[in-house]
Structures are given as C-alpha cells and as structure tokens.
Amino acid sequence: LDVIFDGEAVRHGPLQFSEKYDDPKGMKGLFYQEMVKQNILFSNAVLVSFSHTESDIKKTIKAADNAFKFVKNNINNIDNALEGKRSIDIFRKNT
C-alpha cells in the first residue's frame with residue numbers, strides 16, 4: 001500500500017493513502033475502523049511520547065499491520081467492509 005505520513009521526528013502529520021487509489025478516503029476510514037476494533041485510537045496525527053511504553057508501541061505497530069492488511073484485502077470492497085457510515089470532511093480549505 002502507498003501510504004503518506006507528512007511531518008518529522010516524533011510528530012507525523014495525517015495518515016493519507018495515495019491519490020493513485022480509487023478511494024483513498026474510504027481506505028483511511030477502513031484503516032481507522034480496524035485500529036479502533038483493536039483498542040487503538042489516535043487522532044489524525046501520530047504522536048509518540050515518553051508516556052508510551054515499549055509494549056504500547058509494539059501493540060500499536062501490530063494493530064497497524066493488521067489494519068493495513070485488512071485495507072489491502074478489501075481495497076475493492078471498502079463499502080461492504082466498513083461497519084458504519086462513511087466519514088465526511090467537516091473542515092475545508094477556504095481557497
């Protein structure tokens with residue numbers, strides 16, 4: 001999967017799937033759904049701090065690996081794999 005993390009050091013910007021896919025927003029929603037099902041919840045940015053234990057980090061990496069695999073296996077079936085409504089953008093750029 002072609003995934004984009006902008007940012008540097010301990011703070012990475014929003015997780016994005018490449019626009020080369022037909023439905024990158026659906027893929028992102030599916031990824032977050034699968035992370036939540038594994039009791040991992042994070043905002044649109046990934047922040048690592050000293051309060052995270054090695055066990056926390058390993059659990060998060062394993063959950064992300066599982067979630068990415070799920071997205072890959074359902075890349076052509078996103079709407080059926082999503083267990084709820086699709087997320088919508090609530091903020092937009094004023095350009």
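Everything here concerns the structure above.
The sections below set out a description of the structure shown in this document. Just so we're clear, the structure is a prediction, and the values are computed from it rather than from any experiment.

1. Describing the overall build of the protein
Consideration 1: Counting secondary structure elements, the protein contains three helices and three strands.
Consideration 2: The order of α-helices and β-strands along the protein, N terminus first, is β-β-α-β-α-α.
Consideration 3: Across the 95 residues that make up the protein, the buried fraction comes to 25%.
Consideration 4: Here the analysis covers contacts within the protein between residues at least 6 apart in sequence; of these, 56% occur between residues at least 24 apart.
Consideration 5: Per element, the accessible surface of the protein, about 7,400 Å² overall, is 54% carbon and sulfur.

2. Considerations on helix 1 (residues 24–37)
Consideration 1: Given a rise of 1.5 Å per residue, 14 residues ought to cover 20 Å, and the 20 Å separating the end C-alpha atoms of helix 1 matches this to within 8%.
Consideration 2: Within helix 1 the residues assigned to the buried category are Pro24, Gly26, Met27, Leu30, Phe31, Tyr32, Gln33, Glu34 and Met35.
Consideration 3: Asparagine 39 occupies a position one or two residues after helix 1 and carries a positive phi of about 65 degrees.

3. Describing a nonpolar patch on the surface
Consideration 1: A cluster of nonpolar side chains, namely Val48, Ile57 and Ile61, defines an oily patch on the protein surface of about 260 Å² accessible area.
Consideration 2: Summarising the element assignment, isoleucine 57 is placed in helix 2 (residues 54–73).
Consideration 3: Using a relative accessible area of 36% as the deciding quantity, one classes isoleucine 57 as partly exposed.

4. Some points on the environment of leucine 41
Consideration 1: As for its position among the elements, leucine 41 is in the loop between helix 1 and strand 3 (46–47).
Consideration 2: Classification of leucine 41 by relative accessible area gives exposed; the value is 74%.
Consideration 3: For the pair leucine 41 and threonine 60, spaced 19 residues apart in the sequence, the C-alpha separation amounts to 9.4 Å.

5. Here's the deal with the side chain of glutamine 33
Consideration 1: Within the secondary structure, glutamine 33 is located in helix 1.
Consideration 2: Residues within four places of glutamine 33 in sequence aside, it is in contact with Phe70, Ala81, Leu82, Glu83 and Gly84.

6. Regarding the side chain of glutamate 34
Consideration 1: Mapped onto the secondary structure, glutamate 34 falls in helix 1.
Consideration 2: The class for glutamate 34 is buried, based on a relative accessible area of 8%.
Consideration 3: A distance of 2.8 Å separates the side chain of glutamate 34 from the side chain of glutamine 33, its partner in a polar contact.
Consideration 4: Those residues in contact with glutamate 34 that lie beyond four places of it in its chain are Ala67, Phe70 and Glu83.

Definitions and cut-offs
- Residues numbered from 1 in each chain as written.
- Predicted model: local features only at pLDDT ≥ 70, side-chain atom pairs only at ≥ 80, totals over all residues.
- Heavy atoms only, no water.
- Helix = DSSP H or I, 4+ residues; strand = E, 2+ residues; numbered from the N terminus.
- Buried < 20%, exposed > 50% of the residue type's maximum accessible area, 1.4 Å probe, protein only.
- Contact = heavy atoms within 4.5 Å.
- Areas by Shrake-Rupley, 256 points an atom, 1.4 Å probe, with all protein chains shown as cover.
- Expected span 1.5 Å × (residues − 1).
- Patch = residues over 30% accessible without salt bridge, like charges linked within 9 Å, V, L, I, M, F, W, Y side chains within 5 Å.
- Salt bridge = Lys/Arg side-chain N within 4 Å of Asp/Glu carboxyl O.
- Polar contact = N/O pair within 3.5 Å; in protein donor to acceptor, adjacent residues only side chain to side chain.

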